[in-house]
Amino acid sequence: MKKIKFSRIEQPFTCTIITDRNPEDCRRTIWHSDYDGTNAYQWHLMMMEGRYLNEDSLRPVFESTVKPILVSYYRWDYEKHLNIDEEKRIALLLDGFRWGADGIDLEADAFDPIPGPPEWSEAARAYSLNPHSKPREYTTNPAAVERQKTVIDEVHRLGGEVLMSCHSRVQLSVEQIVSMALDMESRGADIVKIVRVDTSFDDLLITLKTTLELKKALKVPYIMGSHGQHSKIGRVVCPMLGSMLAWCTQPLSPGGYPLQPPVRMQKTAWENIDWVVTQPAEKQVWL
């Protein structure tokens, strides 16, 4: 069966994050998640033991499901910053694609890493809480942007898709996010993803408002989300407002992000909420 493209899946949908350390456990996660009804996968290759980052180890995992799989290799895992050469990191992403992935997750600061404190550190916490901090994972450096476009063109030439992501690590306004998203779209991304920080439910309302504004502004599918415990409701609601998917976990997998809901819980939430609008306001009964 030919895999459906990531951007063509009926929205909103669930996407399981694979965080296992070896191919056998990755296949187990896929097996359980397929049965739970997940629609797609994003495989965090940076979580894998280095000895498995080769075609013989990875290709059987890609071939173990008919659901599409995107690969990512961030500069961090869920515990610490990773000291990896930028050229090697991007090369591993492209290798993963050539070995069977359906697309890649390319950060919006690829080839020009934006400096800042190491992820998961106390300094990183202070950075995120400082309203004057600049967004991470986003560059407008012309040389870096051109190299990003070259990578995107190569993936497209081979029939794949590119999700361009920005984990900003800061609180961003609606206007900032829309401007960044339009710029990322212009680089050729098939999907745009931006994550901001929510420190309160007032912040969450900004995330929800931005989700609606991106639907008006972009021509490509997008993923709007946020970090922080106040984001948990947003992980259910943002996809109901236009964000294309919900990132989910398989509880059997170690090392994941605790705020991402299990696949079954996410699907159950959507199945038990009616958010379909069938009539314009002027035809509705308000009493």
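**Q** It is not clear to me how the overall build of the protein should be interpreted in this structure. Could you clarify?
**A** Each helix and strand counted, the protein has 9 helices and 8 strands in total. Relative to the globule expectation of 19 Å for 287 residues, the C-alpha radius of gyration of the protein, 18 Å, shows essentially globular dimensions. Across its three principal directions, the C-alpha atoms of the protein cover 65 × 45 × 40 Å. Each charge class in the protein was averaged separately, 34 positive and 39 negative side chains, and the resulting centres sit 2 Å apart.

**Q** How should the environment of Ser 243 be read in this particular structure?
**A** In this fold, Ser 243 is placed in the loop between helix H8 (232–241) and strand E8 (245–248). Ser 243 sits 223 residues away from Asp 20 along the chain, and the two C-alpha atoms are 26 Å apart. Beyond its immediate sequence surroundings of up to four residues, Ser 243 is in contact with Pro 12, Thr 211, Tyr 222, Ile 223, Met 224 and Cys 238. Reaching out from Ser 243, the side chain makes a polar contact with the backbone nitrogen of Met 224 at a distance of 2.9 Å.

**Q** Teacher, can you tell me more about the pairing of strand E6 (residues 191–197) here?
**A** For a regular strand, side-chain orientation follows a simple rule: the groups alternate between the two sheet faces. The element E6 is extensively covered by neighbouring structure, given that 7 of its 7 residues are classed as buried. Side chains Ile 191, Lys 193, Val 195 and Val 197 of E6 all project onto a buried face; the interleaved residues Val 192, Ile 194 and Arg 196 project onto the opposite face, where all are buried too. Two strands pair when backbone bridges link them, and strand E5 (residues 161–167) and E6 are joined in this way by 5 bridges, in the parallel orientation. Pairing of Ser 165 across the sheet is with Lys 193, part of E6. Of the crossover connections in this fold, the one passing from E5 over helix H6 (residues 174–186) to the parallel E6 is right-handed. Bridge analysis of E6 against strand E7 (residues 222–227) gives 6 bridges, and the strand direction is parallel. Its bridge partner lying in E7, Val 197 is registered against His 227.

**Q** What is the right way to look at the side chain of Gln 266 in this model?
**A** Within the secondary structure, Gln 266 is located in helix H9 (residues 263–271). Among the polar contacts listed, one links the side chain of Gln 266 to the backbone oxygen of Arg 235, at a separation of 3.5 Å. Apart from residues no more than four positions distant in its own chain, Gln 266 is found in contact with Thr 14, Arg 235, Val 236, Ala 246, Cys 248 and Pro 261.

**Q** Which parts of the structure should I look at to understand the side chain of Asp 36?
**A** You can see Asp 36 is positioned in helix H1 (residues 23–36). In this structure Asp 36 touches Gln 250, Val 263, Arg 264 and Lys 267, once residues within four positions along its chain are discounted.

**Q** What am I meant to see in helix H2 (residues 55–62) here?
**A** Because each turn of an α-helix spans 3.6 residues, side chains separated by three or four positions in sequence point in the same direction. Here H2 has its buried residues at Ser 57, Leu 58, Val 61 and Phe 62. The buried residues of H2 occupy an angular sector of 125° when projected down its axis, which confines them to one face. Buried residues along H2 sit against H1, strand E2 (40–44), strand E3 (69–72) and helix H3 (86–98). Here H2 starts with a cap whose side-chain oxygen sits 3.3 Å from the backbone nitrogen of Asp 56, and that cap is Asn 54.

Criteria and thresholds
Residues numbered from 1 in each chain as written. Predicted model: local features only at pLDDT ≥ 70, side-chain atom pairs only at ≥ 80, totals over all residues. Heavy atoms only, no water. Helix = DSSP H or I, 4+ residues; strand = E, 2+ residues; numbered from the N terminus. Rg over C-alpha atoms; globule rule 2.2 N^0.38 Å. Lys, Arg positive; Asp, Glu negative; His and termini not counted. Charge placed at Lys NZ, Arg CZ, Asp CG, Glu CD. Contact = heavy atoms within 4.5 Å. Polar contact = N/O pair within 3.5 Å; in protein donor to acceptor, adjacent residues only side chain to side chain. Buried < 20%, exposed > 50% of the residue type's maximum accessible area, 1.4 Å probe, protein only. Pairing = 2+ DSSP bridges. Right-handed = clockwise from strand over helix to strand, strands pointing away. Arc of directions from axis to C-beta.

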